[in-house]
Amino acid sequence: MACTSCSHDTHDKQLSPRYKKALWIALGLNLAMFVIEIMAGINSGSVSLLSDSLDFFGDSANYVISLIVLPMALSYRAKASLLKGATMGGFGLFILATTLYRLWYGEVPSHSEMSIVGVLALLANLSALWVLYHFRDGDSNMKSVWLCSRNDAIGNVAVIGAGIAVYFTSSKYPDLIVAFILASLALSASFTIIKQALGELGDLSTSP
């Protein structure tokens, strides 16, 4: 049986002006970093930066959907989470395919751009995590927002590390390894979100 008080608490958080403000801040940060990273990824030849830029784009879409469904019933929020989970999974598969392609045809990326942009991206994601921390628990919609931001912060640290490794090894493989890790994180988060959303829809269908 679902916890009624927990459900009410989650709904109150969903409708909180603080949560809405946090989503808008996170949306602005992610859109800005998407533009910066995709340009830097193309210019530097880094597949991990390109992968991370797609994460920022996916997160921006995630925040927009979350803002739209905030006042709606749990069934609509859960269905939105299914869409977001499927989108994250699609991004993960795209990153994986791109990584495999660059494994054979890629060149050594620019380590300096990887590290500098990685630091900027990390600062942006840490800011988003800070404003979203209070809302990390809740239904699948809230959890998807938190997981996206958390995964991006982890990915940023990995990109910075890859840039340092590329500098010392003059090899493309650290970049490819990080891209593979980012793909795995996206697929894992996709599975978690979809599983919880399906559970919420199942509980609603069986409740009186």
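Nothing here was measured: the structure is a model prediction, and the numbers come from that model.

**Student:** What is the right way to look at the overall build of the protein in this model?
**Tutor:** The helix and strand inventory of the protein stands at seven helices and zero strands. Taken from N to C terminus, the helices and strands of the protein fall in the order α-α-α-α-α-α-α. The buried share of the protein, reckoned over its 208 residues, is 48%. Pairs at least 24 residues apart make up 84% of the contacts formed inside the protein by residues separated by at least 6 positions.

**Student:** What is the right way to look at the nonpolar core in this model?
**Tutor:** The tendency in soluble globular proteins is for nonpolar side chains to be buried as a group. Of all hydrophobic cores here, the largest spans 19 residues; its most connected members are Tyr19, Leu23, Tyr63, Leu132 and Val145. Looking at this core, the elements with two or more residues in it are α2 (17-44), α3 (47-69), α5 (111-132) and α6 (140-169). Among residues more than four places away in sequence, those in contact with leucine 23 are Tyr63, Ser66, Leu67, Leu70, Leu132 and Val145. Core analysis: the next-biggest nonpolar cluster, separate from the first, contains 14 residues, Leu49, Met114, Val117 and Val159 among them.

**Student:** Explanation requested: a nonpolar patch on the surface in the structure shown.
**Tutor:** Taken together, Leu100, Tyr101, Leu103, Trp104, Tyr105, Tyr173, Ile177 and Ile181 make up a surface patch of nonpolar side chains, about 940 Å² in accessible area. Put simply, the parts of the chain that give the nonpolar patch at least two residues each are α4 (74-105) and α7 (173-206). Of the residues forming the nonpolar patch, the biggest block, five residues, is contributed by α4. Structurally, tyrosine 173 can be placed in helix α7. Assessed through its relative accessible area of 46%, tyrosine 173 is described here as partly exposed.

**Student:** Help me understand the UniProt feature "transmembrane region" (unreviewed entry) in the protein, please; the structure alone is not making it clear to me.
**Tutor:** Here the UniProt-annotated "transmembrane region" (unreviewed entry) positions come out as residues 22-40, 60-78, 85-104, 116-133, 153-170 and 176-194. Annotated as 100% helix and 0% strand, the span residues 22-40 places its first and last C-alpha atoms 27 Å apart.

**Student:** Before we go on, may I ask you to explain the packing of α2 against α3 in this structure?
**Tutor:** When two helices pack together, their arrangement is captured by the angle between the axes and the distance separating the axes. Across the interface, α2 lies against α3 with an axial gap of 7 Å and an inter-helix angle of 155°. Relative to α3, the element α2 is oriented roughly antiparallel. Seen from above, α2 lies across α3 with left-handed handedness. Considering only residue class, the contact of α2 with α3 consists of 17 nonpolar, six polar and four charged.

**Student:** I keep staring at α3 and nothing clicks. Help me out?
**Tutor:** Each turn of an α-helix holds 3.6 residues, which means side chains three or four residues apart point in the same direction. With 23 residues, α3 should reach 33 Å at 1.5 Å per residue; the first-to-last C-alpha distance of 33 Å fits that figure. Burial of α3 is extensive: 18 of the 23 residues sit out of reach of the surface. Regarding α3, its N-cap is serine 46, as a side-chain oxygen of that residue lies 3.1 Å from the backbone nitrogen of leucine 49 further along.

**Student:** Explain unusual backbone geometry to me, please; I cannot follow it from the model alone.
**Tutor:** Peptide bonds are trans in most cases, and residues, glycine excluded, mostly fall at negative phi. Phi is positive for serine 170, which is not a glycine, with a value near 55°. Residue placement: serine 170 occurs in the loop between α6 and α7.

**Student:** What am I meant to see in the packing of α3 against α5 here?
**Tutor:** Packing of α3 against α5 leaves a shortest axis separation of 11 Å and a crossing angle of 25°. One element, α3, and the other, α5, form an angle in the roughly parallel class. Handedness of the crossing formed by α3 with α5: left-handed. Mapping the contact onto sequence places Ser48, Leu49, Asp52, Phe56 and Tyr63 in α3 and Glu113, Met114, Val117, Ala121, Asn125 and Leu132 in α5. Residue composition of the contact of α3 with α5, by class: seven nonpolar, two polar and two charged.

**Student:** Would you mind going over the confidence of the model for the protein with me for this structure?
**Tutor:** Note that predicted coordinates carrying low pLDDT should not be read in detail. Averaged over all residues, the pLDDT of the protein equals 79, while 89% of them reach at least 70. Taken as a whole, residues 1-11 scores under 50 in pLDDT and shows five contacts with residues more than four places along the chain or in a different chain.

**Student:** For this particular structure, what's the right way to read the side chain of lysine 172?
**Tutor:** Within the secondary structure, lysine 172 is located in the loop between α6 and α7. We classify lysine 172 as buried; its relative accessible area is 14%. A polar atom in the side chain of lysine 172 sits 2.9 Å from the backbone oxygen of leucine 103.

Criteria and cut-off values
- Residues numbered from 1 in each chain as written.
- Predicted model: local features only at pLDDT ≥ 70, side-chain atom pairs only at ≥ 80, totals over all residues.
- Heavy atoms only, no water.
- Helix = DSSP H or I, 4+ residues; strand = E, 2+ residues; numbered from the N terminus.
- Buried < 20%, exposed > 50% of the residue type's maximum accessible area, 1.4 Å probe, protein only.
- Contact = heavy atoms within 4.5 Å.
- Core = buried A, V, L, I, M, F, W, Y, C linked by side-chain atoms within 4.5 Å.
- Patch = residues over 30% accessible without salt bridge, like charges linked within 9 Å, V, L, I, M, F, W, Y side chains within 5 Å.
- Areas by Shrake-Rupley, 256 points an atom, 1.4 Å probe, with all protein chains shown as cover.
- Salt bridge = Lys/Arg side-chain N within 4 Å of Asp/Glu carboxyl O.
- UniProt positions renumbered as here; feature names shortened; annotations may be inferred.
- Axes fitted to C-alpha atoms, helices over the stretch in contact; angles between N-to-C directions.
- Parallel < 35°, antiparallel > 145°, perpendicular 65-115°, else oblique.
- Left-handed = near helix turned anticlockwise from the far one by under 90°.
- Nonpolar A, V, L, I, M, F, W, Y, C, P; charged D, E, K, R; others polar.
- Expected span 1.5 Å × (residues − 1).
- Polar contact = N/O pair within 3.5 Å; in protein donor to acceptor, adjacent residues only side chain to side chain.
- pLDDT = per-residue confidence, 0-100.

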